[in-house]
Amino acid sequence: MLKNCFRQFLLPQIHTLHLRSFLKPLTPIMCIKHKNFQSSSSNVHHTSNQNNNFHHSQHLERENIYTVPNGLCVLRMLSAPLMVYTLATGLHTESLILFTFAGLTDLADGLIARKFKGQRSKLGSILDPLADKIFVSTLFITLAAMDRIPAWLTVIIISRDVILIMASAFLRYKSLSSPRTLSKFFNPQLTTIEMNPSLLSKINTTLQLLYIGSTLLIPLTSLGDVSLMGYFPVIMVTTTLCSGIHYALSKNSYRFISHRKS
């Protein structure tokens, strides 16, 4: 009977005491390992969050659009309706002064962007030609409505510019990641495409500005309409069509930005 009591009650207690005495020295080591494991897991989780945040920030990369060249482009676009007003009210001197100001902004924005690296932006590569097209197209339409330049010349120039703007809008839409939304499309800080105007296109824009400037200068001189300046419109049509074809065929006229999945 005593033997049975020993087996049932005392022996388990002895085993428990032995096990506790054996585990007691190991308890600090186990606690340290447990803390190290928790710390390691926390570091892995923190590193994972940092990597996720890094990739997320890459996808949401923004560029600084508040630059002097971009501001000059906006001023050039805003000067277009003022030009319409001065032309419609017969303010020839004011029209020429405003036109000269707009031309100077066109020269200045490119010069500043080339000289100062911090003033460059991908948006500027789109905004600059867009401002030129808005300004020039507005003046061509206005002067054609006043019978001061040929209507057929205006139709050709406006048609080419409309086609280029539609093509640029399509490329912008294509460069966006899914889901493609209007907020993404019209967000100027999400630059997903860069335009590279050709030398021929720059020559064409320069000829158009010279033609408009000469047209504005005629009322202030005694030269009359000089037969709408002879062969100048023909030369302009040639450069307009050639530059449009070059845009369509050239693979270097644009490029998608690497962080296009923003």
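Everything below is about the structure shown above.
Please read these numbers as outputs of a predicted model, since none were measured by experiment.

**Student:** What am I meant to see in the overall build of the chain here?
**Tutor:** Per the secondary structure count, the chain includes ten helices and two strands. Along the chain, helices (α) and strands (β) appear in the sequence α-α-α-α-α-α-α-β-α-α-α-β when read from the amino end. Looking at the chain residue by residue over its 262 residues, the buried ones come to 34%. Within the chain, contacts between residues at least 6 apart in sequence are counted, and of these 77% link residues at least 24 apart. Per element, the accessible surface of the chain, about 16800 Å² overall, is 68% carbon and sulfur.

**Student:** I keep staring at the nonpolar core and nothing clicks. Help me out?
**Tutor:** Soluble globular proteins: nonpolar side chains tend toward being buried together. Core analysis: the largest hydrophobic core is formed by 24 residues, its most contacted members being Phe-99, Phe-135, Phe-140, Ile-212 and Leu-216. Looking at this core, the elements with two or more residues in it are α3 (68-88), α4 (92-115), α5 (122-145), α6 (151-175), α8 (199-217) and α10 (232-249). The element contributing the most residues to this core is α5, with six residues. With near-sequence residues (within four places) excluded, Leu-216 lies in contact with Met-83, Leu-87, Ser-95, Leu-96, Phe-99, Leu-143 and Arg-148.

**Student:** Please clarify how α6 should be interpreted in this entry.
**Tutor:** Because the α-helix completes a turn every 3.6 residues, residues three or four places apart line up on one side. Between its first and last C-alpha atoms α6 spans 36 Å; for 25 residues at 1.5 Å apiece the expected length is 36 Å, and the two agree. Taken together, the buried positions of α6 are Leu-153, Thr-154, Ile-157, Ile-158, Arg-160, Asp-161, Leu-164, Leu-171, Arg-172 and Ser-175.

**Student:** Just checking my understanding: could you explain the packing of α8 against α10 for this structure?
**Tutor:** Between two packed helices, the angle of one axis relative to the other and the distance separating the axes together describe the packing. Where α8 meets α10, the axes come as close as 9 Å, and the angle between the chain directions of the two elements is 150°. Comparing the axis directions of α8 and α10 gives the class roughly antiparallel. Once α8 is placed against α10, the crossing between them reads as left-handed. Facing Leu-200, Ser-201, Asn-204, Leu-207, Gln-208, Leu-210 and Tyr-211 of α8, the residues of α10 in contact are Phe-232, Pro-233, Ile-235, Met-236, Thr-239, Thr-240, Cys-242, Ser-243 and Tyr-247. For the contact of α8 with α10, the class distribution of residues is ten nonpolar, six polar and no charged.

**Student:** Looking at this structure, how should I read the pattern of salt bridges?
**Tutor:** Where charged atoms from two side chains of opposite charge approach closely, those side chains can pair. Considering all chains together, one arrives at five salt bridges under this definition. One salt-bridge network, held together by shared partners, links Arg-76, Asp-106, Asp-109, Asp-128 and Asp-132.

Definitions and limits used
Residues numbered from 1 in each chain as written. Predicted model: local features only at pLDDT ≥ 70, side-chain atom pairs only at ≥ 80, totals over all residues. Heavy atoms only, no water. Helix = DSSP H or I, 4+ residues; strand = E, 2+ residues; numbered from the N terminus. Buried < 20%, exposed > 50% of the residue type's maximum accessible area, 1.4 Å probe, protein only. Contact = heavy atoms within 4.5 Å. Areas by Shrake-Rupley, 256 points an atom, 1.4 Å probe, with all protein chains shown as cover. Core = buried A, V, L, I, M, F, W, Y, C linked by side-chain atoms within 4.5 Å. Expected span 1.5 Å × (residues − 1). Axes fitted to C-alpha atoms, helices over the stretch in contact; angles between N-to-C directions. Parallel < 35°, antiparallel > 145°, perpendicular 65-115°, else oblique. Left-handed = near helix turned anticlockwise from the far one by under 90°. Nonpolar A, V, L, I, M, F, W, Y, C, P; charged D, E, K, R; others polar. Salt bridge = Lys/Arg side-chain N within 4 Å of Asp/Glu carboxyl O.

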